[in-house]
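Geometric and topological summary
The chain contents come next:
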Amino acid sequence: MGELATMFAPDRVAVVGATESEGSVGRAITSNLAADFDGEVVPVNPNADAVLGRQCYEDIASVPGAVDVAVVVVPAAIAVDVVERCGEVGIENVVVITAGFSEAGSDGASRERRLRTVAEEYDLNVVGPNSLGIMSTGVGMNATFGPENAQPGPISFMSQSGAFVTAVLDWANDRDVGFKDIVSLGNKAVLDERHFVAEWGDDPETDVILAYLEGIENGGQFIRTAREVTQDTPILMVKSGRTEAGASAAASHTGTMAGSERAYEAGLEQAGVLRVETVQELFDYAGILSGQPLPEGDGVAIVTNAGGPGVMTTDAIGDSALDLASFSNETIDDLTEALPAGANVYNPIDVIGDADVERFREAIEITLADPNVGAAIVMACPTATLSFDALAEATVELQAEYGTPVAASLMGGDSTREAQAILSEAGIPTYFDPARAVRSLDALREFREIQAREYAEPTEFDVDRERAREVLESAKRRDTNSLGVEAMDLLSAYGIPIPEGEIVDGETEAREAAERIDDGDGVVMKIVSPDILHKSDIGGVEVGVPAEEVADTYEDLVTRARNYQSDATILGVQIQEMLDLDDATETIVGMNRDPQFGPLVLFGLGGIFVEVLEDTTVKVAPVSEPEAKSMIDEIESAPLLRGARGREPVDEAGVVETIQRLSQLVTDFPAILELDINPLVATPDGVSAVDVRLTIDQEQL
């Protein structure tokens, strides 16, 4: 195991604040430890000589010998002092149960900051504060004040809610679901989710990691840690708080469409985490991932004694990313010979209602032998001719023989309990609803794809960082947080192609610039103002302007801008070359900086319809080349880029490189809060960033 090994396999646990007072947290934790812990429980309380029959020590420093874990259950006012004393005497692992920290106002927040300082000074592993505690069934340790201990099993579980831990334990114990380790994260002042993901990823006794989180402390670090762990160990997560409130305050298209919820979706997907919606799904998927092998293919076979539920299961497969397996001719022939005339030998196989165990067994064996079957669902309704227990034993035997993942759907009540126990002991999950069985097999498929991913390091392009910095600092000199087309050189500095253009502040300069730039098709003219974001909405853009009309158009654009917003800062007008858009597709590449995950890069269909169609996808930066390519695959309008309906395909490699270069830009400069390139015009001959706007944090420059 890793650096938290002694936390989950301690020999001695001290409870600082242990007491015999009825109803107290200190008593509950001491009692829970005394009941099952394989090691020694050491009570610490200056006001007691003994607690629950064990010698009690005045303070942690007076405890003889080494202590592996200290559980702190003292008033908030002295809790940090106790933690500091633990550090002084060499205790590495501390679990702070005490509340009254950052969840309790400014005084509590100050107390939590001091706790972090102490933990850093003494290199302490601190769980909490405001934690229910920790458990580890490997040593019988229940260092929580919950009402019951966990059963042993291959699942490790962390939760940001202590109440959720107690509820899950009650639910799991009723269903014989077992755990290896359990952690109530509390306020996550020191140890957070990524530390336990890393620990359990190295733990051979943890087959699946479960998490209930309300937030992730450092999204980038979590992605890197989880990405490595999920190459071997699945992570299932319930992430609460799906609101996108706050996205409405964003100034850019990207900011509007890439709210916090999309950041979590993107970040967890890139990390290889399987996100679930309910506790039921959490344990459905955990059961099959910990007990069954990964499927070699996506074809699912159904063997049932009931036609109606078989159709229900078929519908569920149609709603998933799985397929209904197509049987080989040999399988059809073998099933035809083995089953009675009224049976259905095609998928779903209906062995009909009078089937006994032997008929079921033969159908299952023939099915599992078919190379087109990646997984199977054995589904049965109660009949007088069928023993659920015998069916369970046959299913266990055949699954072990063929090594194909199997899920069972036994559609009954008390009559299924012993059969469920038989199947569960062999790692085969059982569900009343066959749709749950399908969704669980789909989780196996998804984890197979996660394990097959090839991760690449982001490309490091040769760029002009100093030129980019100069452009950003120009906004600081003007005391503004907004930049528009005057920042086109920022893109150029990072190798993102831009049209030829100039910003001018007078009619004469405008005409002269147009004469230099115009190749016969006229020029594009845009008002340049950091205060006017949607230029086209106010008539601030003119296209195809001949050189002889440039001067008048210049005056018109400035007048419209003044009429729209009299106090707007007008930097001038941009004169830009006309691009050939006959075979072009307008896309958007943008970025919004998320509080947890950092820069979130967006790509999709652009132009004036970007917020109407919202055909976009997002990734957490830095974005590698494979991830940039996948962003094109993920949008519905990808065929437009690839030559749909006789169109010539655009320079897809140029789009991919632009996504990567923008990713590098916003990673290099944390001062960039939001950025839109809209449109990024993609043509068969290349790409060009036609317009840009961004918001910066001057203090970060």
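Here's what I pulled together on the structure shown here. (Residues numbered from 1 in each chain as written. Predicted model: local features only at pLDDT ≥ 70, side-chain atom pairs only at ≥ 80, totals over all residues. Heavy atoms only, no water.)

Another aspect to go through is the side chain of Asp615. Examined against the element boundaries, Asp615 turns out to sit in the loop between helix H21 (610-613) and strand S28 (616-620). Despite its burial, Asp615 pairs with no opposite charge; the closest candidate is Arg262, at 8.0 Å N-O. Polar contacts involving the side chain of Asp615 include one to the main-chain amide nitrogen of Glu636, which spans 2.9 Å. Those residues within four positions of Asp615 in sequence are excluded, and the remaining contacts are Phe603, Gly604, Leu605, Ile635, Glu636 and Ser637. (Helix = DSSP H or I, 4+ residues; strand = E, 2+ residues; numbered from the N terminus. Buried < 20%, exposed > 50% of the residue type's maximum accessible area, 1.4 Å probe, protein only. Lys, Arg positive; Asp, Glu negative; His and termini not counted. Salt bridge = Lys/Arg side-chain N within 4 Å of Asp/Glu carboxyl O. Polar contact = N/O pair within 3.5 Å; in protein donor to acceptor, adjacent residues only side chain to side chain. Contact = heavy atoms within 4.5 Å.)

It is worth spelling out the pairing of strand S31 (residues 692-696) at this point. With four of five residues buried, S31 is to be regarded as a mostly interior element. Here strand S21 (residues 482-483) runs beside S31; their pairing, made up of two bridges, is antiparallel. By the bridge assignment, Ser482 is partnered in S31 with Thr695. Pairing of strand S29 (residues 672-683) with S31 involves five bridges; the strand directions are antiparallel. Looking at S31, one finds that Ile677 is bridged to Val692. (Pairing = 2+ DSSP bridges.)

The next point concerns the sheet that holds strand S2 (residues 40-44). Spatial strand order, S2-S1-S5-S6-S7: five strands in an open sheet with parallel pairing. Among the strands making up the open sheet, the edge pair consists of S2 and strand S7 (125-127). Between one strand axis and the next, the sheet turns through 20° on average, direction left out of account. One ladder, built from five bridges, connects strand S1 (residues 12-16) with S2; its direction is parallel. Among the inter-strand pairings, Val13 is bridged to a residue of S2, identified as Val41. The strands that helix H3 (residues 76-88) touches are S1, strand S5 (69-72) and strand S6 (93-96); relative to S5, the one it contacts most, it runs at about 170°. (Axes fitted to C-alpha atoms, helices over the stretch in contact; angles between N-to-C directions.)

Before going further, it helps to examine the nonpolar core. Core analysis: the biggest nonpolar cluster contains 52 residues, and Leu33, Val71, Val183, Phe196 and Phe222 have the highest contact counts within it. Sorting elements by how many residues they give to this core places helix H9 (residues 260-271) first, with five residues. When near neighbours in sequence (up to four residues on either side) are disregarded, Leu33 contacts Val13, Val15, Val41, Met141, Asn142 and Ala143. (Core = buried A, V, L, I, M, F, W, Y, C linked by side-chain atoms within 4.5 Å.)

On to unusual backbone geometry, then. Between Gly128 and Pro129 the backbone carries a cis peptide bond, its omega angle lying at 0°. Residue position: Pro129 is located in the loop between S7 and strand S8 (133-136). Backbone torsion omega between Asn678 and Pro679 reads 5°, so that peptide bond is classified as cis. Tracing the backbone shows Pro679 in strand S29. Unusually for a residue other than glycine, Leu52 sits at a positive phi of about 50°. Structurally, Leu52 is set in the loop between strand S3 (50-51) and strand S4 (54-55). A relative accessible area of 26% places Leu52 in the partly exposed class.

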